[in-house]
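# Geometric and topological summary
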Amino acid sequence: MENNTLKTVFIVLVVLFLLFLVFGFTVPMKDVPYDVQVQYNDTEIYQVQEPYTDTEQYTVSEPYTDTEYYTDYITIRVPYQVSVPCPRPPMPGPLPRPIPPPPGGVRPPLPPHPGPQMCTITRYQNETQAIQKSREVTKYRDVVKTRPVTKFRTVDKTRSVIKVKTETRWKKVPLFLNN
C-alpha cells in the first residue's frame, strides 16, 4: 500500500506539472511594469572660493629733504666821504685896512686867493643788499607702491558621483496570475 500511495502521489505531481506546462505556454501573457532603483555614475559641477595672490597699488605720502633757495634783503649803512668847504675860524683881531693905491694909481696884482679850505667829512647812506640764502626743508610727495594681497575667485570644479535613478522595467506574467 505504501507503494501505491507513493505511486499515486507521483502521478499527481506529474499531472500537475504537465498541466502547469500546458497552461503556462498556452495561457496569454501580459506585460506588467515594475520600478527598479538603478545606480549610475555622473559628473557633478560645484563651485568653490579659491584664494589667489594679486598685486594692489596704494599711495603713500613720503617725506624727503629739499634745498629751498630764497632772497633775503638787508639794509646796511654805508659810509662815504664828502669834501665840503671847511668853516673859517674867526680871525683874531680887527679887520685889516685896505691898502692905499700906489702912486700912479695902478695896483699891483693880488696874490692868488687860495680859495676856501676843503674838509672831508663822513656821511652815511642806507643801502639795501640782496643776499641769496638756502635752507633744508622737509617736503612730502605721493609715492605709488604695490603690495601682494590675497583675493578670492569662484572656480567651477567637477567630481564623479554615484546617483540613483528609478527605471521602469517590464515582465511577462500569465493573465490568470495577474491581480
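Above this text sits the structure in question.
Residues numbered from 1 in each chain as written. Predicted model: local features only at pLDDT ≥ 70, side-chain atom pairs only at ≥ 80, totals over all residues. Heavy atoms only, no water.

A few words now on the overall build of the protein. Tallying secondary structure elements over the protein gives 1 helix and 2 strands in all. Starting at the N terminus and ending at the C terminus, the protein contains elements arranged as α-β-β. Accessible surface, the protein: about 16400 Å² in total, of which carbon and sulfur atoms supply 57%. (Helix = DSSP H or I, 4+ residues; strand = E, 2+ residues; numbered from the N terminus. Areas by Shrake-Rupley, 256 points an atom, 1.4 Å probe, with all protein chains shown as cover.)

Here we take up the pattern of salt bridges. Here the structure, examined in full by the defined rule, presents 13 salt bridges. Across the salt bridge formed by Asp 54 and Lys 151, the nearest N and O atoms sit 3.4 Å from each other. Pair noted here: Asp 54 is in strand S1 (residues 29–85) and Lys 151 is in strand S2 (residues 118–174), with a separation of 97 residues, a long-range link. In this structure Asp 54 comes out as partly exposed when scored by relative accessible area, which is 28%. Within the structure, one salt-bridge network assembled from shared partners comprises Glu 50, Arg 153 and Lys 157. (Salt bridge = Lys/Arg side-chain N within 4 Å of Asp/Glu carboxyl O. Buried < 20%, exposed > 50% of the residue type's maximum accessible area, 1.4 Å probe, protein only.)

Turning next to the packing of aromatic side chains. Within the structure shown, the criterion is met by 0 aromatic pairs. Arg 135 extends its terminal NZ or CZ atom over the ring of Tyr 70, reaching a point 4.5 Å from the ring centre. In this structure, Arg 159 packs its charged tip against the face of Tyr 46, placed 4.2 Å from the ring centre. (Phe/Tyr/Trp six-rings, centres within 6.5 Å; stacked < 30°, edge-to-face > 60°. Lys NZ or Arg CZ within 6 Å of the ring centre and 35° of its normal.)

Before going further, it helps to examine the environment of Thr 158. Here Thr 158 shows up in strand S2. Residues contacting Thr 158, with those up to four places away along its chain left out, are Thr 43, Glu 44, Ile 45 and Tyr 46. (Contact = heavy atoms within 4.5 Å.)

A separate point is the environment of Gln 49. Tracing the sequence through the fold places Gln 49 in strand S1. Taking the C-alpha atoms as reference points, Gln 49 and Phe 152, 103 residues apart in sequence, are found 5.9 Å from one another. Here Gln 49 is in contact with Phe 152, Arg 153 and Thr 154, once residues within four sequence places are set aside.

As a further point, take the environment of Thr 55. With respect to the helices, strands and loops of the structure, Thr 55 is situated in strand S1. Along the sequence, Thr 55 and Thr 150 sit 95 residues apart, while their C-alpha atoms lie 8.6 Å from each other. Residues in contact with Thr 55, not counting those within four places in the same chain, are Arg 147 and Pro 148.

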